[in-house]
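What follows is each chain in one-letter form.
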Amino acid sequence: MPSKAAASKPKTGKKLVIVESPAKSKTIAKYLGEGFVVEASIGHIRDLPQPSELPAELKKSSIGKFAVDLENDFKPYYVVSSDKKKKVAELKAQLKDADELYLATDGDREGEAIAWHLLEVLKPKVPVHRMTFAEITKESLQRALGNLRELDTDLVDAQETRRVVDRLFGYELSPVLWRKVAPKLSAGRVQSVVTRMVVERERERMAFRSASYWDLTGTFGTTDTAESFGAKLAAVDGRRVASGRDFNDKGELTGKNVAHLDEATAKALATALQNVDFTVRSVEHKPYTRRPAAPFTTSTLQQEAGRKLRFSSKSTMQTAQRLYENGYITYMRTDSSSLSDEAVNAARRQASELYGAEFVPAAKRVYATKSSNAQEAHEAIRPAGDSFRTPAQVASALRGDEFKLYELIWKRTVASQMADAKGSTATIRLGATASGGAADGQDAEFSASGTVITFRGFLAAYEEGRDESRNSSDDSDRRLPNVKENDQLTAANVQASGHDTSPPPRFTEASLTKEMEERDIGRPSTYASTLSTIMDRGYVRKQGSALVPSWIAFSVVRLLELHFTDYVDYEFTAGMETGLDRIANGQEEGSDWLKHFYFGGEENKGLQAIVNNLGDIDARDINSLPITDTLVLRVGKFGPYLESTVPTVDPKTGEIIEAARANVPEDLAPDELTAEKAQELMDTAAPEERVLGVDPESGHTVVAKNGRYGPYVTEVIPEMTAEEIANQPVEYYKNGKPKPPKKPVKAKPRTGSLFKSMSVDSVTLAEALALMSLPRVLGADAEGNEITVQNGRFGPYLKKGSDSRSIATEEEIFTITLDAALEIYSQPKQRGARAAVPPLAEFGDDPVSEKKIVVKEGRFGPYITDGVTNITVPRGTEIEQLTREMAIELLADKRARGPAKRTTKTPAKKPAAKKKAAAKK
């Protein structure tokens, strides 16, 4: 790192500090004071270019394929991004007047790499210091200035290795997906594995077979008090009653020595227990202790914000970023759950002040980091400062999502240093002998459990949320009466109830993040971006809070599993993360790791060899999934569809005609496509094409079709014959030589979209010819401007030059007169002044803006709004599927993203002087 200032440069006393974001720079500038100038690089200033953007001399070299030099230790070829050239010039200008440079980017791998890129591009000739801090407070910055260090080249090496391996992975695998599945798809080292996790869960749900079982519940009370409690049948004749956990996913009973009750048996037993006396057989008491959860890491923050606040991972990280940059919390990308001594003291002091000294344990709580490969040198996410601001103290400064997330972090941090919750659990077992009917003489034993909290401890401040799970019951908050063994109880409302086993729950963002962390897939700093990527690519969509894979994700995962087995293997992917950690710790060189990854070694082939020896991949097989013996789902260019595998034979000619097909709705989840549903779709499928007749003028056949964007009519134009081609007028080149005859191409057919009142089954030839004749010319105005009427994407309208006016209905297209059109044009043009249309749905007041949330029909489809923030209803989501929680979450996510950035057109460059001279000449 340069450390000598230029001898000729006069001393100014100016110290230049560079951080990543403008918000962070403003906050830091307040604390550093005079003599410091704080600037923001606005993220990375350079990156790998697209291979097509490389200089011509490099495109044919070993750099040309990836913008990475394969023959020179995988050295990346970086360029300053076009949108960062102005920023780099500004930083260089500031550096000319500075005596010292402080690189104050984040202290993780990516922050270290940003600092390295700045050093490489700016080439400072003044002393350079690496400055890091976990929180933006005056105390923290003062400590950071006293602990300056050199650039950590191992962290840089690890980050650059990750960037290169992602480029190699994506650029080798993505083209295979383009050729065999669909264009514009992408593969990624982490995103492909996470997509596989979601697909595998859906496969489990598709293979799941439900089983039914019955049990009994009843209400029981003592004879001398009015207290009562509920209990559930636990055993019959000494055998435990089967529950959902006793069945496998094939619907088979796997529990041993259990009583599997069917409906008849359960109802008979319930009837026989109506008028019998019950006796308490045992009462078991156990002490109850519950410890607080550790302070937040990046992963646990995303999980808990998803459970409690309904935030997406992306929204959580964006909100946390703003809180960090404005000095409210510590750095939000961390694997560590430990707290500094200052933070522990602050949490204990605040807990004592707010809840009482008895709520703080005698000894400080220490939390060990769970991750064996924790890469971030930070403490847990907590409120910033050596003393914490309470939510009440920041309420005036923070609003909406920022306040909610700060409050969550504050509660978790304070609770982590509070005392255990104390209490006791009780389990009551009671029984009776059935009397009468088919169940006469059977012994029935019921059970009830509950917990009594005698000291709330940390629960006074915070309680951790839980993910959905199968076959779970929570009796933790139930209180039981004070009964003892041999007490007599009365029974009331003993009822039989039936249950069906449930499939594995779909992942939510919270549960998928937890699964990624447990499997060591990716790193906490990348969880949010990975989830956003698989949704943006169309591999996964949200249905409520559940993550549902698309059919195209099934095809992608199937191809990768068959031909790139290791690269979607969970242990292999986790091992790659371990390798990157070894590089960050200085235990391995990034270039050696990349050589092994790409070129292979003794135990593996390497990515290059696998791609070069793929052989033939049957794209049709990759994109097919059997649903029944006779129906297969295929992923096609225009979406998923069902196709019959039984050939259809023309009864007249005996020829095999095209197999029957049916489109699959995009919003139908894969596990909902059962054999019954598939057959229903085939039975109700509208014909893809219906011949209406022949146009008497052109002689062309007219057909009605169901297209990707709705039903329409079109004419079938035959290909040109050889004679027609030969008889075309001869065309010549500029030099007078004749051009060869044109190839037999079809002329562009006339088409027309059906009105909303029409369908493929009912449209007539006359209606089709009228639709294909549009636009209809009405005449001209007094100035001679032609007026036409036609149907468009946003409804029927009149057009006069560039002036368009909407009309009320599609039917008016064929009935409106020139006089009526002139009358419309005589009125001032009004934008957005249509009659008020009632909302499509209403969801009450938004908790942030406190304005009514409604769903309206907009120009680009339905959208959700609270009158301040608008967000389009996600593609594939029906209005009926929307819930209040979904609407609130979508609006919150849109607020977190902020207003859309406006793109400014770059003025066209003036032609060079030589071109001007040539033009004049």
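Refer to the preceding data block for the structure.
Structure report, in brief.

Conventions used here
- Residues numbered from 1 in each chain as written.
- Predicted model: local features only at pLDDT ≥ 70, side-chain atom pairs only at ≥ 80, totals over all residues.
- Heavy atoms only, no water.
- Helix = DSSP H or I, 4+ residues; strand = E, 2+ residues; numbered from the N terminus.
- Buried < 20%, exposed > 50% of the residue type's maximum accessible area, 1.4 Å probe, protein only.
- Areas by Shrake-Rupley, 256 points an atom, 1.4 Å probe, with all protein chains shown as cover.
- Contact = heavy atoms within 4.5 Å.
- Polar contact = N/O pair within 3.5 Å; in protein donor to acceptor, adjacent residues only side chain to side chain.
- Pairing = 2+ DSSP bridges.
- Arc of directions from axis to C-beta.
- Salt bridge = Lys/Arg side-chain N within 4 Å of Asp/Glu carboxyl O.
- Axes fitted to C-alpha atoms, helices over the stretch in contact; angles between N-to-C directions.
- Core = buried A, V, L, I, M, F, W, Y, C linked by side-chain atoms within 4.5 Å.
- Phe/Tyr/Trp six-rings, centres within 6.5 Å; stacked < 30°, edge-to-face > 60°.
- Lys NZ or Arg CZ within 6 Å of the ring centre and 35° of its normal.

### Here we look at the overall build of the protein
Line of reasoning, step 1. When its secondary structure is counted, the protein shows 26 helices and 36 strands.
Line of reasoning, step 2. Counting the 921 residues in the protein, one finds 44% classified as buried.
Line of reasoning, step 3. Accessible surface for the protein amounts to roughly 48,600 Å². Of this, 49% is attributable to carbon and sulfur atoms.

### Side note on the environment of S757
Line of reasoning, step 1. By secondary structure assignment, the location of S757 is in the loop between β28 (751-753) and α23 (765-772).
Line of reasoning, step 2. The spacing of S757 and E810 is 53 residues in sequence and 9.0 Å in space, taken between C-alpha atoms.
Line of reasoning, step 3. In contact with S757, not counting residues within four places along its chain, are E810 and E811.
Line of reasoning, step 4. A distance of 3.2 Å separates a polar atom in the side chain of S757 from a polar atom in the side chain of E811.

### Concerning the pairing of strand β26 (residues 701-707)
Line of reasoning, step 1. Inspection of the sheet shows strand β25 (residues 689-694) paired to β26 by five bridges, in the antiparallel sense. Looking at the pairing, G693 lines up with V702 of β26.
Line of reasoning, step 2. Counted between consecutive antiparallel strands, the loop separating β25 from β26 contains six residues, among which G699 sits at a positive phi close to 80°.
Line of reasoning, step 3. Where β26 and strand β27 (residues 710-716) come together, seven bridges link them in antiparallel fashion. Bridge pairing in β27 places V703 opposite T714.

### Regarding helix α18 (residues 590-599)
Line of reasoning, step 1. Residues of α18 that are buried: G590, S591, W593, L594, F597 and Y598. In an axial view of α18, the angular spread of the buried residues amounts to 155°, which keeps them on one side of the axis.
Line of reasoning, step 2. Tucked into the core, α18 has its buried residues touching α6 (153-180), α17 (570-584) and α19 (607-612).

### Focus: the pattern of salt bridges
Line of reasoning, step 1. Overall, the coordinates contain 49 salt bridges when judged by the stated rule.
Line of reasoning, step 2. A salt bridge links K24 to D106; the nearest nitrogen and oxygen atoms lie 2.6 Å apart. With K24 in helix α1 (residues 22-32) and D106 in the loop between β7 (100-103) and α4 (109-122), this residue pair connects regions lying 82 residues apart in the sequence.
Line of reasoning, step 3. Of the residues examined, D106 reaches a relative accessible area of 8% and is grouped as buried.
Line of reasoning, step 4. D671 is the partner of R506 in a salt bridge, and the nearest nitrogen-oxygen pair spans 2.5 Å.

### A closer look at the sheet that holds β28
Line of reasoning, step 1. One open sheet accounts for four strands, arranged β25-β26-β27-β28; its pairing is antiparallel. Only two strands of the sheet have a single neighbouring strand rather than two, namely β25 and β28. Strand-to-strand twist of the sheet, defined as the mean angle between neighbouring strand axes without regard to direction, takes the value 20°.

### Section: the nonpolar core
Line of reasoning, step 1. In this structure, L168, L512, L559, F564, F597, L642 and L673 are the most contacted members of the largest nonpolar core, which totals 72 residues.
Line of reasoning, step 2. Among the elements that line this core, the one with the most residues is α6, at nine residues.
Line of reasoning, step 3. Apart from the residues lying within four places of it in its own chain, the contact partners of L168 are F66, L70, F74, L594, F597, Y598 and L607.
Line of reasoning, step 4. By size, the runner-up hydrophobic cluster in this structure holds 53 residues, among which are V38, L405, V414 and L459.

### Focus: the sheet that holds strand β21 (residues 639-644)
Line of reasoning, step 1. The strand order β19-β20-β21-β24 describes an open sheet built from four strands, whose pairing is antiparallel. Strands at the two margins of the open sheet, each flanked by one partner only, are β19 (624-626) and β24 (661-663). Strand after strand, the sheet turns through a mean of 25° between neighbouring axes, direction not considered.

### Describing the packing of aromatic side chains
Line of reasoning, step 1. Considering all chains together, one arrives at 21 aromatic pairs under this definition.
Line of reasoning, step 2. Between the aromatic rings of F278 and F446, the centroid separation amounts to 5.7 Å while the plane-to-plane angle is 80°, which identifies the pairing as edge-to-face. Placement of the pair is F278 in strand β13 (residues 278-290) and F446 in strand β15 (residues 443-455), with a sequence separation of 168 residues. Of the two residues examined, F278 and F446, each falls in the buried class.
Line of reasoning, step 3. Taken together, F169, Y567, F572, W593 and F597 form an aromatic cluster joined through their ring pairs.
Line of reasoning, step 4. Here R46 stacks its cationic end above the ring of W116, 5.4 Å away from the centre of that ring.
Line of reasoning, step 5. Residue placement shows R196 over the ring face of Y570; its charged tip is 4.7 Å from the ring centre.

### Structural notes on the pairing of strand β17 (residues 540-543)
Line of reasoning, step 1. The pairing of β17 with strand β18 (residues 546-549) spans four bridges and is classified as antiparallel. Residue K542 lies in a different strand from β18, and its bridge partner there is L547.
Line of reasoning, step 2. Here β17 hands over to β18 after two residues, with G544 in that stretch at a positive phi of 70°.

### What about the side chain of T513?
Line of reasoning, step 1. Its location among the elements puts T513 in helix α14 (residues 509-519).
Line of reasoning, step 2. Judged by relative accessible area, T513 falls into the buried class, the value being 0%.
Line of reasoning, step 3. Other than its neighbours up to four places away in sequence, T513 contacts S299, Q302, Q303, S313, Y527 and L531.

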